[in-house]
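Read off the chains here:
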Amino acid sequence: MLTNLLSINDLDKDEMEQIFKTAESFKEVTTREIKKVPTLRGRTIVNLFLEPSTRTRTSFELAAKRLSADVVNISAKSSALAKGESLEDTAKTIEAMNADIVVIRHSAPGSPLLLAHLIKCGIINAGDGAHEHPTQALLDLFTVRERKGKIKGLKVAIVGDILHSRVARSNILAFNKMGAKVVLVGPPTLMPAGIELMDVEVSYDFDETIKKVDMVYMLRIQMERQSESFFPSLREYSSLFGLNLERIKLAKENVLIMHPGPMNRGIEITSEVVSLPQAAINEQVANGVAIRMAVLYHLLIGGEEKLAT
Ligand code: NCD
């Protein structure tokens, strides 16, 4: 049974499929008038969010609440970490409260793994620096599977700030596992050296690449992680790597458009593109809750048992 979800590499193809199946039935729950099942009644989930987040934190909170778990939210400013307490001491405090799962977001890559060594409860990585964000990749692939009916055999372009993106890394691993082909697109300065070793193609020409793919996954330019200038100007960046109506005309008619949010509208994607029927950005958010319900379920109850809905 899965005990932690630190990386997409903690899952094999079958486990990913199982999570998608569970998410499908939980998605049905989220459309009922009373959006709650008793599955995790009496369990305690701690959201330890030490970096800014709206959608991921609220998504985990809603997921836990819809499964009837008790949820505690700890954020950077409101916690004793702001008073200088170490992550280890915060972890021990959480453990003393008998939490069943800690969902952690932290700016340091590897901090979820450190936490998993420090305390006995299950750990979910909700984004660690530029390393990984496994539940984002799961909800993305779930959305692709819904829209396209399959993942295997698709050609997917992940576009933009690959260097600083935990979302890109988790998505590369997940798409490769499920048999899609990934091509990374962006300026050379935002392409990590040696990234081809992750079994991806690399392109610096968005206009050429967009013609050949079934889906474009736009990444946010991560200003907060950039200590130097990676491109001459935002205007130049958007003209070469932004997704606008002009560029969409080059793509296949049914190209799927996704973005993990938050979006810099007008930089990596224009508002007109966000409103196109090919864009699945709101579905990604909606599916996020069902996927996180499924991940919590698989960690705490196990995928084998019958769903208690
Ligand atoms: C992503 C993140 O925080 O890694 N957003 C998210 O989880 N919804 C992507 C980003 O911040 O660009």
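If you're wondering where the values come from, they're calculated on a predicted model, not measured in any experiment.

> Let's hear about the site of the ligand: which residues, and what values?
Near the ligand you find Arg-55, Thr-56, Arg-105, His-133, Gln-136, Arg-166, Val-167, Arg-220, Gln-222, Pro-260, Gly-261 and Pro-262, and these make up its full shell. Within the side chain of Thr-56, one N or O atom sits 3.0 Å away from an oxygen atom of the ligand. The backbone of Gly-261 places a nitrogen or oxygen atom 2.9 Å from a nitrogen atom of the ligand. Within the complex, 94% of the 320 Å² of free accessible area of the ligand lies under protein. The cavity where the ligand resides is the largest pocket.

> Could you give an account of the nonpolar core, naming the residues involved and the relevant values?
By size, the foremost hydrophobic cluster in this structure holds 64 residues, and its most contacted members are Leu-138 and Ile-158. Here this core gets ten residues from one element, more than from any other, and that element is helix H11 (residues 281–300). Leave out the neighbours within four places in its chain, and Leu-138 touches Leu-5, Ile-8, Leu-11, Met-16, Ile-19, Phe-20, Ile-291 and Val-295. Membership of the second largest hydrophobic core comes to 27 residues, among which are Val-213, Met-218, Phe-241 and Leu-243.

> Which residues make up unusual backbone geometry, and what values go with them?
Residue Pro-262 is bonded to the preceding Gly-261 through a cis peptide linkage, with omega at -10°. A positive phi angle is found at Ser-68, which is not glycine, with a value near 70°. Counting through the fold element by element, Ser-68 comes out in the loop between helix H2 (55–66) and strand E2 (70–75). Even without being a glycine, Asn-98 presents a positive backbone phi close to 60°. Turning to its location among the elements, Asn-98 is positioned in the loop between helix H3 (87–96) and strand E3 (101–106).

How each quantity is defined
Residues numbered from 1 in each chain as written. Predicted model: local features only at pLDDT ≥ 70, side-chain atom pairs only at ≥ 80, totals over all residues. Heavy atoms only, no water. Near = heavy atom within 4 Å. Polar contact = N/O pair within 3.5 Å; in protein donor to acceptor, adjacent residues only side chain to side chain. Areas by Shrake-Rupley, 256 points an atom, 1.4 Å probe, with all protein chains shown as cover. 1 Å grid on protein atoms, 1.4 Å probe; cavity = no way out; pocket = protein on both sides within 12 Å on 5 of 7 lines; lining within 4 Å. Sits in = over half its atoms within 2 Å of the grid points. Core = buried A, V, L, I, M, F, W, Y, C linked by side-chain atoms within 4.5 Å. Buried < 20%, exposed > 50% of the residue type's maximum accessible area, 1.4 Å probe, protein only. Helix = DSSP H or I, 4+ residues; strand = E, 2+ residues; numbered from the N terminus. Contact = heavy atoms within 4.5 Å.

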